[in-house]
Amino acid sequence: MTDPATTDPLALHLRDHIAEARWFGGKGRDWRLTSVRRVGELPGAPDGGRVAVEIAELQYDDGPGEVELYQLPLVSYPEAHERLAHAFVGEWDDDLGHVFVYDALHDRESMALYLRAFAAAEDRAPAQHGLAFHRVGDHELDIEAHSTLFPGEQSNSSVAFGEDAMLKVFRKVTPGINPDIAIHRVLTESGSDHVAALYGWVDLVDDSAEGDTVQLAMLQQFLRTASDGWELALSSVRNLFTEADLHADEVGGDFAGEAARLGTALAEVHTTLAEQFPVETLDARAVARLGSAMHGRLDDALDVVPALAEHEAALRATFDRLAALESVQVQQVHGDLHLGQTLRTVKGWKFLDFEGEPAKPLAERMRPDSPWRDVAGMLRSFDYAPRVVALTSMTAEPGGEAEQQAYRAAEWADRNRSAFLAAYVEGRTLTDEEDALLQAYVADKAVYEAVYETRNRPGWEGIPLDALGRITHGAPHDGGSRA
Ligand SMILES: Nc1ncnc2c1ncn2[C@@H]1O[C@H](COP(=O)(O)OP(=O)(O)O)[C@@H](O)[C@H]1O
Ligand SMILES: O=P(O)(O)O[C@H]1O[C@H](CO)[C@@H](O[C@H]2O[C@H](CO)[C@@H](O)[C@H](O)[C@H]2O)[C@H](O)[C@H]1O
């Protein structure tokens, strides 16, 4: 196929735009832009311009024909706009004449069109211009609110509307149900206190998308005054580290109360998800497959992180213990939980980003899993927080500050893991089966992290590797509450 980037001016400019975008997940890989398709337009015209949603299809040439779709809302104006210079995509001729094209998420006029389209929509709204805007609940949107693009966008782009609402525009899109929208919707409609309420979403309704809807964006409550759980945990650790003579339970910034509240909140979310989505019992064969999947991930990880070999035998025994269980109950879970996916508000903890692991195919992300996967994700995060503070602040003197900090890091992690877990299970002791599941999920996550850190944050791989050293030597609170 001819690379459209060599012929079409839009594609030519989009290729560079995508390559440099922070949300583009294929950086460093060998890829081509195979098509760009205009799938819809926003009703209304800002300053004689047009806001259109383009879907770019990318093909990776370094793997077995992998294809990805990326969403680009673009605004075309007949004149250049200096205020949008930082969001400039390119200029070319199209049916509007000569146009100056910008990333619409940076443009208040364009984002106001989104807000108005939501305000005009009702649930199950018919598609307009290829896009269908849906509403949930009866929250009255502040349609005068100005938009502000969130700094530090990662896999997606989020825009706040004043203090009222937040639009998350999914960048990499896949035909089918988006778990973030589906789960937020169910939790909102069932009155859960532990998510930012869903106000609406946008679908692309398009025959050429092989009959499948593509979910493009979601609008939700903006938790303006909320604090990021990861940042709160880091500042609690810093407090501990500055009080050299005090223990974790004696310093002002002790996090254990918050950790316990997080445990309770997660248990409540799991209960609601179990009520609202199907719950299944995996039989012995399916459980064995769960164990095999963990072995398989370890096989792959060993190629990337040779240091894992030291823990291989013990890890395999941990996975075999899970694989030997007669049955396992599975349900809808978060799937990618860590402290960075939590926000503390005056009304308690909220969980964010129910997209699951972005690297997994969509169908797999909505597949029921054990709730212990989410618990394990949080336990790993409590291990990370003090290690990250120590890594970024310690002076590595043997026998000096470094050793003392390592000791205190372990103390902080133990205290908060225990508080979280005890609250999650309401103080009871884990059964043998639960312990086997939790140990296996914690180990599986740490193996994943060893690969993630090796690829993304060299210097941090010691965090999961040290944890694996402890886990495989039976440390009590790294993955269980029974010892
Ligand atoms: N409803 C909300 N209100 C306020 N801030 C939010 C809200 N949802 C997410 N955020 C902030 O935006 C950041 C990115 O959100 P997230 O859902 O994790 O997006 P992404 O998929 O891009 O990672 C979060 O770290 C959080 O700080
Ligand atoms: O935020 P994502 O859902 O894309 O998750 C990826 O990035 C995370 C890092 O931001 C990574 O999480 C790991 O590091 C965190 C500290 O930065 C720590 O709290 C987590 O426990 C640890 O797993 C996550 O693994 C990766 O998938």
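Quick caveat, the model's predicted, so the values are computed rather than measured.

**A word on the overall build of the protein chain**
1) Next: When helices and strands are tallied, the protein chain shows 13 helices and 17 strands.
2) Next: In summary, the protein chain has a C-alpha radius of gyration of 24 Å against a globular reference of 23 Å for 483 residues, a match within 12%.
3) Next: Reported as C-alpha extents along the three principal axes, the dimensions of the protein chain are approximately 70 × 50 × 45 Å.
4) Next: Burial statistics for the protein chain: of 483 residues in total, 54% are counted as buried.
5) Next: The long-range fraction of contacts in the protein chain, counting pairs at least 24 apart against all pairs at least 6 apart in sequence, stands at 68%.
6) Next: By element, 49% of the accessible surface of the protein chain is carried by carbon and sulfur atoms, the whole surface being about 21,300 Å².
7) Next: Taking the 43 positively charged and 82 negatively charged side chains of the protein chain as two groups, their mean positions are separated by 2 Å.

**Some words on the site of ligand 2**
1) Next: Every residue lining ligand 2 is accounted for by W230, D336, H338, Q341, R380, S381, Y384, K445, Y448, E449, Y452 and R457.
2) Next: Within the contact set of ligand 2, an oxygen atom lies 2.5 Å away from a side-chain nitrogen or oxygen of D336.
3) Next: In the model, an oxygen atom of ligand 2 is placed 2.9 Å from a nitrogen or oxygen of the Y452 side chain.
4) Next: Bound to the protein, ligand 2 loses 86% of the 530 Å² it would expose on its own.
5) Next: Only α9 (372–393) and α11 (432–456) provide two or more residues apiece to the shell around ligand 2.
6) Next: Take the shell around ligand 2: its biggest share by element is four residues, from α11.
7) Next: Here the residues of the shell around ligand 2 are counted per class, giving four nonpolar, three polar and five charged.

**Some details on the site of ligand 1**
1) Next: Around ligand 1 there are 15 residues in total, and N156, K168, Q221, L223 and D353 lie nearest to it.
2) Next: The separation between an oxygen atom of ligand 1 and a polar side-chain atom of N156 is 2.8 Å.
3) Next: Separating a nitrogen atom of ligand 1 from a backbone N or O atom of L223 is a distance of 2.8 Å.
4) Next: The fraction of the free accessible surface of ligand 1 (550 Å²) that becomes covered by protein chains is 83%.

**Re unusual backbone geometry**
1) Next: The phi angle at D47 is positive, at roughly 50°, despite the residue not being glycine.
2) Next: By secondary structure assignment, the location of D47 is in the loop between β1 (31–41) and β2 (50–60).
3) Next: Positive phi outside glycine occurs at E426, with the angle close to 50°.
4) Next: Note that E426 resides in the loop between α10 (401–424) and α11.
5) Next: Here E426 falls in the exposed class, since its relative accessible area comes to 75%.

**A short note on the domain arrangement of the protein chain**
1) Next: We note that the domain assignment places domain 1 (4–104), domain 2 (109–221) and domain 3 (227–333 + 368–472) within the protein chain.
2) Next: The centre of domain 1, based on its C-alpha atoms, is set 21 Å off from the matching centre of domain 2.
3) Next: Counting from both sides, the interface comprises 25 residues of domain 1 and, opposite them, 27 residues of domain 2.
4) Next: Taken over both partners, the interface formed by domain 1 and domain 2 buries close to 2,200 Å², and the fraction arising from carbon and sulfur atoms is 59%.
5) Next: Put simply, domain 1 and domain 2 have two salt bridges between them.
6) Next: For K172, the salt bridge is made with E68, and the minimal N-O distance between the two is 3.5 Å.

**A closer look at the sheet that holds strand β13 (residues 227–228)**
1) Next: Pairing within the open sheet is antiparallel, and its three strands lie in the order β13-β16-β17. The sheet is open, and its two borders are formed by β13 and β17 (348–351), each paired with just one other strand.
2) Next: Summarising the sheet, β13 and strand β16 (residues 342–345) pair through two bridges and their orientation is antiparallel. Of the residues in β16, the one forming a bridge with S227 is R344.

**A closer look at the pattern of salt bridges**
1) Next: Tallied over the entire structure, the rule returns 31 salt bridges.
2) Next: Here R224 and E163 are joined by a salt bridge, their closest N and O atoms 3.1 Å apart. Residue R224 is located in the loop between β12 (214–221) and β13, and its partner E163 is located in the loop between β8 (157–161) and β9 (165–169); the two are separated by 61 residues in the primary sequence.
3) Next: Take R224: its relative accessible area is 45%, and that puts it in the partly exposed class.
4) Next: The salt bridge involving D444 is made with R297; its shortest N-O contact spans 3.0 Å. Here D444 is found in helix α11, whereas its partner R297 is found in helix α6 (residues 284–304), with 147 residues between them in sequence.
5) Next: Under the relative-accessibility criterion, R297 is labelled partly exposed at 34%.
6) Next: Sharing partners across several salt bridges, the network here consists of R380, D383, D414, R417, E449 and R470.

What counts, and at which threshold
- Residues numbered from 1 in each chain as written.
- Chains lettered and ligands numbered in written order.
- Predicted model: local features only at pLDDT ≥ 70, side-chain atom pairs only at ≥ 80, totals over all residues.
- Heavy atoms only, no water.
- Helix = DSSP H or I, 4+ residues; strand = E, 2+ residues; numbered from the N terminus.
- Rg over C-alpha atoms; globule rule 2.2 N^0.38 Å.
- Buried < 20%, exposed > 50% of the residue type's maximum accessible area, 1.4 Å probe, protein only.
- Contact = heavy atoms within 4.5 Å.
- Areas by Shrake-Rupley, 256 points an atom, 1.4 Å probe, with all protein chains shown as cover.
- Lys, Arg positive; Asp, Glu negative; His and termini not counted.
- Charge placed at Lys NZ, Arg CZ, Asp CG, Glu CD.
- Near = heavy atom within 4 Å.
- Polar contact = N/O pair within 3.5 Å; in protein donor to acceptor, adjacent residues only side chain to side chain.
- Nonpolar A, V, L, I, M, F, W, Y, C, P; charged D, E, K, R; others polar.
- Domains from an automatic or database assignment.
- Buried area = accessible area lost by both parts, 1.4 Å probe.
- Salt bridge = Lys/Arg side-chain N within 4 Å of Asp/Glu carboxyl O.
- Pairing = 2+ DSSP bridges.

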